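Architecture at a glance
Next come the chains, spelled out residue by residue.
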Amino acid sequence: MAAGGGGGRPPGPESSLEPYVQTRIFKIIVIGDSNVGKTCLTFRFCGGTFPDKTEATIGVDFREKTVEIEGERIKVQVWDTAGQERFRKSMVEHYYRNVHAVVFVYDVTKMASFTNLKMWIEECNGHAVPPLVPRVLVGNKCDLKDLIQVPSSMALKFADAHNMLLFETSAKDPQESQNVDAIFMCLACRLKAQRSLLCRDLEGRPGQARRLDPTPDASGKTSCPC
Ligand SMILES: Nc1nc2c(ncn2[C@@H]2O[C@H](COP(=O)(O)OP(=O)(O)OP(=O)(O)O)[C@@H](O)[C@H]2O)c(=O)[nH]1
Ligand SMILES: [Mg+2]
């Protein structure tokens, strides 16, 4: 189990004059064939580096990073899942339970990892993930330009058909790190917006949940990269 990125501690006694706002946690799972680079992508986002060496993930590795969106601190909890069937079968139920967003990853240099996406999407659908849960598609290893097997146009068509945004990235190339960050930041922004709306809808209804953020940003500014 590994962790990277900032720690998302709520304000302590030293800031007791400020209103106490609990840090929200968004659970994002990263799914796809073995060897597509799920561990490297999550490492890049949470730790800011490309790992020298990785081994097949067994079960799940958790990583997290605290980000700030429109003045609110949000903890992005990334579940780096195992691609190999034998290392994931006892865990699958846990992956999908209370998930907030799903990242499907394929390897742009391996067509089979792209065609297998159908299977991953079916698995996700089979676990009753609500339609409101955002899903994105990530084509990784774009630095291997001479080996590309999955054209962007094909991936875009697939993403459109499944109502997903497409990100083409490289966990390895430091120049691409902003694109990797954009995957998770975009999801965090969408989740924040969705949940604020949901809570606003529920406000005023007796016995229902209320917004956690007592001071909505009036500026309308967003740091969302998408
Ligand atoms: N060239 C290149 N290699 C990458 C990239 N991302 C990952 N790799 C390599 O691909 C291999 C597999 O990466 P992992 O991140 O361990 O793959 P995974 O999807 O987590 O695999 P499982 O844990 O078995 O599901 C490793 O040798 C990485 O170094 C990338 O963007 N570019
Ligand atoms: Mg892995």
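Before going into details, it helps to say that this report is about the structure given with it. (Residues numbered from 1 in each chain as written. Chains lettered and ligands numbered in written order. Predicted model: local features only at pLDDT ≥ 70, side-chain atom pairs only at ≥ 80, totals over all residues. Heavy atoms only, no water.)

Regarding the side chain of Asp-107
Here Asp-107 lies in strand β4 (residues 101–107). Take Asp-107: its relative accessible area is 4%, and that puts it in the buried class. Here Lys-141 takes part through its side chain, which lies 3.4 Å from a polar atom of the side chain of Asp-107. Residue contacts for Asp-107: discarding those within four places in its chain leaves Asn-35, Val-36, Ser-113, Asn-140, Lys-141 and Val-150. (Helix = DSSP H or I, 4+ residues; strand = E, 2+ residues; numbered from the N terminus. Buried < 20%, exposed > 50% of the residue type's maximum accessible area, 1.4 Å probe, protein only. Polar contact = N/O pair within 3.5 Å; in protein donor to acceptor, adjacent residues only side chain to side chain. Contact = heavy atoms within 4.5 Å.)

Focus: the nonpolar core
If you look at the biggest cluster of nonpolar residues, it comprises 30 residues, and the most contacted ones within it are Phe-45, Val-76, Val-103 and Phe-184. Those elements giving two or more residues to this core turn out to be β1 (24–32), α1 (38–47), β2 (60–69), β3 (72–81), β4, β5 (135–140) and α7 (177–202). Top contributing element to this core by residue count: α7, with 10 residues. In this structure Val-103 touches Ile-28, Ile-29, Val-30, Ile-31, Val-136, Val-138, Ile-183, Phe-184 and Leu-187, once residues within four positions along its chain are discounted. Core analysis: the next-biggest nonpolar cluster, separate from the first, contains 27 residues, Val-60, Val-102, Val-150 and Phe-158 among them. (Core = buried A, V, L, I, M, F, W, Y, C linked by side-chain atoms within 4.5 Å.)

A short note on α1
Note: α-helices contain 3.6 residues per turn, so residues at a spacing of three or four share the same orientation. In terms of burial, α1 is largely enclosed, as eight of its 10 residues are buried. For α1, every residue scored as buried is listed here: Lys-38, Thr-39, Cys-40, Leu-41, Thr-42, Arg-44, Phe-45 and Cys-46.

Structural notes on the coordination of the magnesium ion (ligand 2)
Protein coordination at the magnesium ion (ligand 2): the donors are Thr-39 (OG1) and Thr-57 (OG1), at 2.0 Å from the metal. With Thr-39 in helix α1 and Thr-57 in the loop between α1 and β2, this residue pair connects regions lying 18 residues apart in the sequence. Side by side, Thr-39 and Thr-57 carry an identical accessibility label, which is buried. (Donors = N, O, S within 2.8 Å, 3.2 Å for Na, K, Ca; no water.)

Points about the sheet that holds β5
Read across the open sheet, the six strands follow the order β2-β3-β1-β4-β5-β6; overall the sheet is mixed. Strands at the two margins of the open sheet, each flanked by one partner only, are β2 and β6 (165–168). Within the sheet, the average angular offset between the axes of one strand and its neighbour, ignoring direction, is 25°. In the sheet, β4 pairs with β5 via six bridges, with the strands oriented parallel. Across the sheet, Phe-104 pairs through a bridge with Leu-137, a residue of β5. Together, β1, β4 and β5 form the strand contacts of helix α5 (residues 117–125), whose direction differs from that of β4 by roughly 165°. (Pairing = 2+ DSSP bridges. Axes fitted to C-alpha atoms, helices over the stretch in contact; angles between N-to-C directions.)

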